[in-house]
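# Inside the fold
Below are the chains, spelled out letter by letter.
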Amino acid sequence: MKTMNPLKIGDYLIDRAVTLLFMLAALLVCSAVAVAVGVRWESVLLASALCLVLVGAFLATDYAVKNSRIVRFEKAYAELKEKYLLGEVLPQPRGEVECRYFDTVRAVSHSAVTALERAESEKDAYCEYVESWIHELKTPLAAGFLMLENGDVGKIKTQLKRMENLTECILYYARLKTAENDCRIERFDARGVIAAAVSDVKEMLIEADIAISLIGDTTLYTDVKAVKFMLGQLLANCAKYCPHCRVEIRVESNSISVSDNGKGVAAHELARLTERGFTGGGRVGTGMGLYIVSELCNKLGVGFELTSEYGEGLTATFSFKTVSDC
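Presented here is a report on the structure given in the accompanying data block.

Of all hydrophobic cores here, the largest spans 59 residues; its most connected members are Leu231, Ile256, Ile292 and Phe318. Looking at which element gives the most residues to this core, the answer is helix H10 (residues 224-241), with 11 residues.

The next subject is a nonpolar patch on the surface. Together, Val29, Val33, Val37 and Val39 line one region of the surface with nonpolar side chains, adding up to about 350 Å² of accessible area. By secondary structure assignment, the location of Val33 is in helix H2 (residues 17-36).

Another aspect to go through is the packing of helix H6 (residues 156-174) against helix H12 (residues 289-300). Where H6 meets H12, the closest approach of the two axes is 10 Å, and the angle between their N-to-C directions is 40°. The angle between H6 and H12 falls in the class oblique. Relative to H12, the crossing made by H6 is left-handed. Mapping the contact onto sequence places Cys169, Tyr172 and Tyr173 in H6 and Tyr291, Ile292 and Leu296 in H12. Taken together, the residues that form the contact of H6 with H12 break down as six nonpolar, no polar and no charged.

If you check H10, its first and last C-alpha atoms are 26 Å apart, about what 18 residues at 1.5 Å a residue would give, namely 26 Å. Counted residue by residue, H10 has 13 buried out of 18 residues, so it is predominantly covered.

Next up on the list: the environment of Leu116. Within the secondary structure layout, Leu116 lies in helix H5 (residues 95-150). Since its relative accessible area comes to 32%, Leu116 is described here as partly exposed. Taking the C-alpha atoms as reference, Leu116 lies 9.3 Å from Tyr84; in sequence the two are 32 residues apart.

Quick look at the sheet that holds strand E2 (residues 211-215) now. Pairing is mixed in the open sheet, where five strands are placed in the order E2-E4-E5-E7-E6. Of all the strands in the sheet, the pair left with one neighbour each is E2 and strand E6 (303-308). Shown here is a sheet whose adjacent strand axes are inclined to one another by a mean of 15°, direction ignored. Both strand E5 (residues 255-260) and strand E7 (residues 314-319) contribute to a ladder of five bridges, which runs antiparallel. Across the sheet, Ser259 pairs through a bridge with Thr315, a residue of E7.

Here we take up the layout of surface pockets. In this structure, the largest pocket occupies an estimated 820 Å³ of space. Of all the elements in the fold, those that place two or more residues in the lining of the largest pocket are H5, H6, helix H9 (202-207), H10, E5, H12 and E7. Top element by residues in the lining of the largest pocket is H10. It accounts for eight residues. Among the residues forming the lining of the largest pocket, the class breakdown is 21 nonpolar, 12 polar and seven charged.

Let's shift gears to the pattern of salt bridges. Opposite charge on two side chains permits them to pair, given that their charged atoms come into close proximity. A full pass over the atoms with the stated rule returns 10 salt bridges. The partner of Asp62 in a salt bridge is Lys66, and the shortest N-O contact between them spans 3.0 Å. Of this pair, Asp62 and Lys66 are both found in helix H3 (residues 41-79), four residues apart, which corresponds to roughly one turn of the helix. Three or more residues are tied together by salt bridges with common partners; here these are Arg16, Asp62 and Lys66.

The next point concerns H5. The end-to-end C-alpha separation of H5 is 82 Å, in line with the 82 Å expected for 56 residues at 1.5 Å each. For H5, the set of buried residues is Phe102, Ser109, Val113, Ala125, Tyr129, Trp133, Glu136, Leu137, Pro140, Gly144 and Met147. Packing partners of the buried residues in H5 comprise helix H4 (86-89), H6, H10 and H12. One or two positions beyond H5, positive phi appears at Gly151, with a value near 75°.

For the pair helix H8 (residues 190-200) and H10, the least separation of the axes is 9 Å and the interaxial angle reads 50°. Here H10 runs oblique to H8, going by the angle between their axes. Here H8 and H10 pass one another in a crossing that is right-handed. Every residue of H10 that contacts H8 at Val193, Ile194, Ala196, Ala197, Val198 and Asp200 is listed here: Val224, Val227, Lys228, Leu231, Gly232 and Leu235. Tallied by class, residues from the contact of H8 with H10 come to nine nonpolar, one polar and two charged.

Aromatic rings in a pair are described by how distant their centres are and how their planes are angled relative to each other. Under the defined criterion, the tally for this structure stands at five aromatic pairs. Pairing Phe304 with Phe318 gives two aromatic rings, centres 5.1 Å apart and planes at 35°, and the pair type is tilted. Placement of Phe304 in strand E6 and of Phe318 in strand E7 is noted, with a sequence separation of 14 residues between them. Taking the relative accessible area as the measure of exposure, Phe318 reaches 2% and is therefore buried.

Each value, and the rule that gives it
- Residues numbered from 1 in each chain as written.
- Predicted model: local features only at pLDDT ≥ 70, side-chain atom pairs only at ≥ 80, totals over all residues.
- Heavy atoms only, no water.
- Core = buried A, V, L, I, M, F, W, Y, C linked by side-chain atoms within 4.5 Å.
- Buried < 20%, exposed > 50% of the residue type's maximum accessible area, 1.4 Å probe, protein only.
- Helix = DSSP H or I, 4+ residues; strand = E, 2+ residues; numbered from the N terminus.
- Patch = residues over 30% accessible without salt bridge, like charges linked within 9 Å, V, L, I, M, F, W, Y side chains within 5 Å.
- Areas by Shrake-Rupley, 256 points an atom, 1.4 Å probe, with all protein chains shown as cover.
- Salt bridge = Lys/Arg side-chain N within 4 Å of Asp/Glu carboxyl O.
- Axes fitted to C-alpha atoms, helices over the stretch in contact; angles between N-to-C directions.
- Parallel < 35°, antiparallel > 145°, perpendicular 65-115°, else oblique.
- Left-handed = near helix turned anticlockwise from the far one by under 90°.
- Contact = heavy atoms within 4.5 Å.
- Nonpolar A, V, L, I, M, F, W, Y, C, P; charged D, E, K, R; others polar.
- Expected span 1.5 Å × (residues − 1).
- Pairing = 2+ DSSP bridges.
- 1 Å grid on protein atoms, 1.4 Å probe; cavity = no way out; pocket = protein on both sides within 12 Å on 5 of 7 lines; lining within 4 Å.
- Points joined across faces, edges and corners; volume = space filled by probe spheres on them.
- Phe/Tyr/Trp six-rings, centres within 6.5 Å; stacked < 30°, edge-to-face > 60°.

Right, dumping it as structure tokens:
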């Protein structure tokens, strides 16, 4: 950005116009009073001339100081690579008015720095997820090619479902910021959505020898696609981390719980399961599934809780709003 010109004398005088008018009026009044009380004209003129010289000296000094500060400010701004850091390099303020402006600009600069750091962090996290997602995608892709070479076409659909599940994850992750705007709240029967979620990952469940039991039914109000996706993530995790287990899906008045009888999760890891990228307990993968589920629940106003006893399985519970809350 091109550096601005130094402060023009005309602009400075215009800025000081009100002050100069009051000073001139005060000088005229004082001169008139002095003449009225009998002071000689020569003395009045001499005193007035002296006052004007002092005012001129003050204005010249004040102009030089302000112009110097503006030049330093413009130079600092021109040399600053990241303009949002301007608040960090401003010269120390003088006077109450400058202090107020200084504090405001510093606050704006801090806000910009914070926003940039947050954006950089989110960008880095997104890049890391995409990289891990690509590596994770290679596994079912390689397995599919191997099955084709061996003529085992029947199992390829399972690998395709795994790839579809991974693709849905990254799509929902990309939409997390606008989840509230993208959602469509509607009335639906829980059993039907659960059945659809089970059907979507049935090949993975069959391969992992997962037995599903469904108890209860109710009417819920929220985004159907999101619920189906979240249930699919939980079932896919069961297929991946606790094969040969039994999964019970229980529907009550305003909740859906998914419980398995796998090995469960240690207490010190339970609270971290919904952290971005967490893959504790010897697990492999992106560590994003439960994080995305948790974030979606926050966006939709759905309660989400994980409970577990190590060696006795894991339970995930969704708590939905009632009709009066929607």
